[in-house]
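# Remarks on the overall topology
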Amino acid sequence: MESNLAARPTPEVTPVFPGGKKEREIADLLGWFASMQKERQLYEEMWDMIQTYIDPRRYNFKGLKQRGQIVGEEVFDGTAQSAHNILVSGFHGQMLSAQFPWVRLIIPTFGMPRYGRGGSAKKYNQRYDKVPEIRRYLEDMEWALYNEFQRSNFYSSMIEFISDASGLGTATIYMEEDVVTGKVVYTVCNPGEIWISTNLHGQVDVVFRKFKMSVRALKQKFKKLPDYIAMNQNPEELFEIIHAVYPRDEREMYREGADLIPKWDATNMPWASVYMLEKTKDKVEELGRSGYRKFPYAVWRWRVNSEETYGRSPSADAIVTVLGGNIMSKSLLKVAQLAAQPPWNIPAEMRGAEQIVPDGLNYFLDKDRKAEAIFIGNNYPIAKDREDEVRKIIKEFYYVDYFVMLSRAAMEGRQLSVPQVLEMQSEKASALGTIIGRFMTDGLDAINERTLELAAVGGRLPEMPQILLDKFGGEEIRYDYIAPLAQTQKQLFRTKGLMAGLDVLGKLESIKPGTMDLVKMDETAVELLDSYGFPAALFEDEEKVEAVRQQRAEQVAKQEAVQQALLMSQAVPNLSKAVEQDSPLKALAEGVMPE
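Counting from 1, residues in each chain are numbered in the order their sequence is written. In keeping with the predicted nature of the model, local features appear solely for residues at pLDDT of at least 70, side-chain atom pairs appear and are counted solely at 80 or more, and the whole-chain, interface and lining totals rest on all residues. Heavy atoms from the whole structure form the basis of all side-chain values; hydrogens and water molecules are not counted.

### As for unusual backbone geometry
In this structure, Tyr399 is a non-glycine residue whose phi angle is positive, near 60°. Here Tyr399 shows up in the loop between helix H9 (380-397) and helix H10 (400-403). Per the convention used, a helix needs a DSSP run of H or I reaching at least four residues, while a strand needs a run of E reaching at least two, with both numbered from the N terminus.

Put into structure tokens, the structure is as follows:
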């Protein structure tokens, strides 16, 4: 069966070794790449404006400019750059800081198979993460995941990752393991190096990356190289490389009993990987092919329109306003310069003798013929007000007020109550809700999956307990994000609703006693604690809870019995005497009834 690559458009190319199957596949890949390049060209003009006026860090996203250049010379108002930096820093600080836990591993409980009536699920009320062996495993896995992040360049890379998504709209990170150090390496790719394609469901599953590698890096990466590279004595000379990663539609299978099982060698993985060396514009040479168990890229698009492939960002939304504000600021700079350095009317006979400098002396005979500055009337204050209004609008595009609300209140001398702060945080979570959700699913989920896969291959993960393998097949671990911004969003939609419902029931209870009996209070308490990120390891076992409650009930019953006996002794005079040994009253006082 032929590969479906043959169905893709093929440009006129000159393969290195014409006629072979691999060469035809390379030609098909180049045709696919050409069509992806045409698609991305539609966005490049907008990206060029964004990097010029908002995100100059990516000034060379096309790779056509000289490195180390001064950037930002066309910018006359830095509001957009400042607002973008605040968004990046605030988002990173409240979602991914290395100083606090921001993700935990969970076992989903909805739609999952349940244990039998006498099994662990009943004992732990279907909270699989409370089963001791599962709980210990999840804790060990979390520690292993955080350890991978702390040992690597993850946290520093995430700043660049967030900046690309909020700047150009599409951020891409490549993950691989350094086999020498046993660390995961996170590489945030320049958006200009990346071309993407989506599947039927709009998920990015194809990435072509065109980038430059030095001779030194090529020799480290590949065992076999063309002679002109292998013999090259200049380790810093650069060559163009194309790396294609796409789903492998055909996999070699083998039979095990009645089942067909795919092979898991390097060239039969679910994701195909092909490295090509670009010799000319339409001529390449294959350097190597292999594969991946999981997609090695995480592609986060800040927001995606239904008919588009690449993402849109707050920078894309703001660019027209930014351009207008930049023109306005440039004009106001000219107005300010004109006010500070106005033109002069100077008599002709003073040509060359005028001294328009501090403490300059200009001599004249006729008072009507002297040097005078020309002051041109202008509406500078009005223009300045308009400029301030534009700057305010630009900051709104980047949610600046949400990230600096507390510091701004402190600078203004306002005292905020705890409910006010919580309400402001809820408002921030609501405004960023869709962005946070996409960041978690497209970005963090993919990063966590790939990181754990690399750690597993490297033997750095704990062994999965048999109970998970039996009930879930080992594939049902999910991620719950508990960073401040994610937690605030969760509290907004979960905790707030629960608390509001309990408040209403409390009022109804005063009208109709027993209304609160409608609510399972234990489950409600667990849900509330869970919404605040309360760790499952700190929940007490239900058997112990029941034992404590039973003991408490017995103590209360005993105290009530003693109180009842005392009341009876006061009501009946004959009972006011001392309690006789082995009498029924003595037994009642001790909480033991005679047989």
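Still more to cover.
### A closer look at the pattern of salt bridges
Salt bridges are defined by distance alone: a side-chain nitrogen of Lys or Arg within 4 Å of a carboxyl oxygen of Asp or Glu. Going through the model one piece at a time under the given rule, you end up with 24 salt bridges. One salt bridge in this structure joins Glu286 and Arg289, with 2.9 Å as the shortest N-O distance. In this structure, Arg438 engages Asp442 in a salt bridge whose closest nitrogen and oxygen atoms are separated by 3.3 Å. Placement of both Arg438 and Asp442 in helix H13 (residues 433-457) is noted, with a separation of four residues, approximately one turn of the helix. Overall, the relative accessible area of 25% leaves Arg438 in the partly exposed class. Of the residues examined, Asp442 reaches a relative accessible area of 23% and is grouped as partly exposed. Within this structure, Asp55, Arg57, Arg58, Glu160 and Asp164 form a network of salt bridges that share partners. For the exposure calls, accessible area comes from a 1.4 Å probe over protein chains only, and a residue counts as buried if that area is under 20% of its type's maximum, exposed if over 50%, partly exposed in between.

### Focus on the pairing of strand S5 (residues 204-214)
Burial runs high along S5: nine of the 11 residues are buried. Bridge count between strand S4 (residues 194-198) and S5: five bridges; the pairing is antiparallel. For Ser197, the partnering residue across the bridge sits in S5 and is Val206. Any two strands between which DSSP finds at least two bridges are classified as paired. The turn linking S4 back onto S5 is made up of five residues, and Gly202 within it adopts a positive phi angle of 80°.

### Description of the packing of aromatic side chains
Two descriptors summarise a pair of aromatic rings, namely the distance from one centre to the other and the angle between the planes of the rings. Any two rings among Phe, Tyr and Trp, with Trp reduced to its six-membered ring, count as a pair given centres within 6.5 Å; such a pair is stacked if its planes are under 30 degrees apart, edge-to-face if over 60, and tilted if neither. Summed over all chains, the structure comprises 28 aromatic pairs. Between Phe33 and Phe208, the aromatic rings sit 5.3 Å apart at their centres with planes inclined by 10°, giving stacked as the arrangement. Of the two residues, Phe33 sits in helix H1 (residues 21-53) while Phe208 sits in strand S5, which places them 175 residues apart along the sequence. Here Phe33 and Phe208 have matching classes, each one buried. One aromatic cluster is present, formed by Trp102, Tyr146, Phe149, Phe154, Tyr155, Tyr186 and Tyr481 through successive ring pairs. Criterion for a charge above a ring: Lys NZ or Arg CZ within 6 Å of the ring centre, and within 35 degrees of the ring normal. Sitting over the face of the ring of Trp195, Arg40 holds its NZ or CZ atom 4.2 Å from the ring centroid. Over the face of the ring belonging to Phe211 we find Arg209, whose NZ or CZ atom lies 3.9 Å from the ring centre.

### Re the sheet that holds strand S11 (residues 297-301)
Strand order in the open sheet formed by three strands is S3-S2-S11, and the pairing between neighbours is antiparallel. Looking at which strands have only one partner, the edges of the open sheet turn out to be strand S3 (183-189) and S11. Taking each pair of neighbouring strands and ignoring which way they run, the sheet shows an average axis angle of 20°. Examined bridge by bridge, strand S2 (residues 170-178) and S11 share five bridges and lie antiparallel to one another. The partner of Ile173 across the bridge, within S11, is Ala298. Along the sheet face, helix H5 (residues 154-167) touches S2, S3 and S11 and points at about 155° away from the line of S2. Geometry is summarised by axes, namely lines fitted to C-alpha atoms with helices restricted to the contacting stretch, and by angles between N-to-C directions that run from 0 to 180 degrees. Should any heavy atoms of two residues lie within 4.5 Å, those residues are considered in contact.

### A word on the sheet that holds strand S9 (residues 271-280)
Each strand in a sheet pairs with its neighbour through backbone hydrogen bonds, running either in the same direction (parallel) or in the opposite one (antiparallel). Spatial ordering of the open sheet is given by S4-S5-S6-S9-S10, a layout of five strands whose pairing is antiparallel. One side of each edge strand has no neighbouring strand; the edge strands of this open sheet are S4 and strand S10 (283-292). Averaged over all pairs of adjacent strands, the angle between their axes in this sheet comes to 20°, without regard to strand direction. Relative to S10, S9 is paired through nine bridges, and the arrangement is antiparallel. Bridge pairing links Met276 to Glu286 in S10.

### Looking at the nonpolar core
Residues grouped as a nonpolar core are buried Ala, Val, Leu, Ile, Met, Phe, Trp, Tyr and Cys residues, joined through side-chain atoms within 4.5 Å. Within the largest apolar cluster, 113 residues are counted, with the highest numbers of intra-cluster contacts made by Phe91, Met95, Trp102, Phe208 and Ile447. Per-element tally for this core: the top contributor is H1, with 11 residues. Ignoring anything within four residues of it in the chain, the contact list for Phe208 reads Leu29, Trp32, Phe33, Met36, Glu193, Ile194, Trp195, Ile242, His243 and Ala244.

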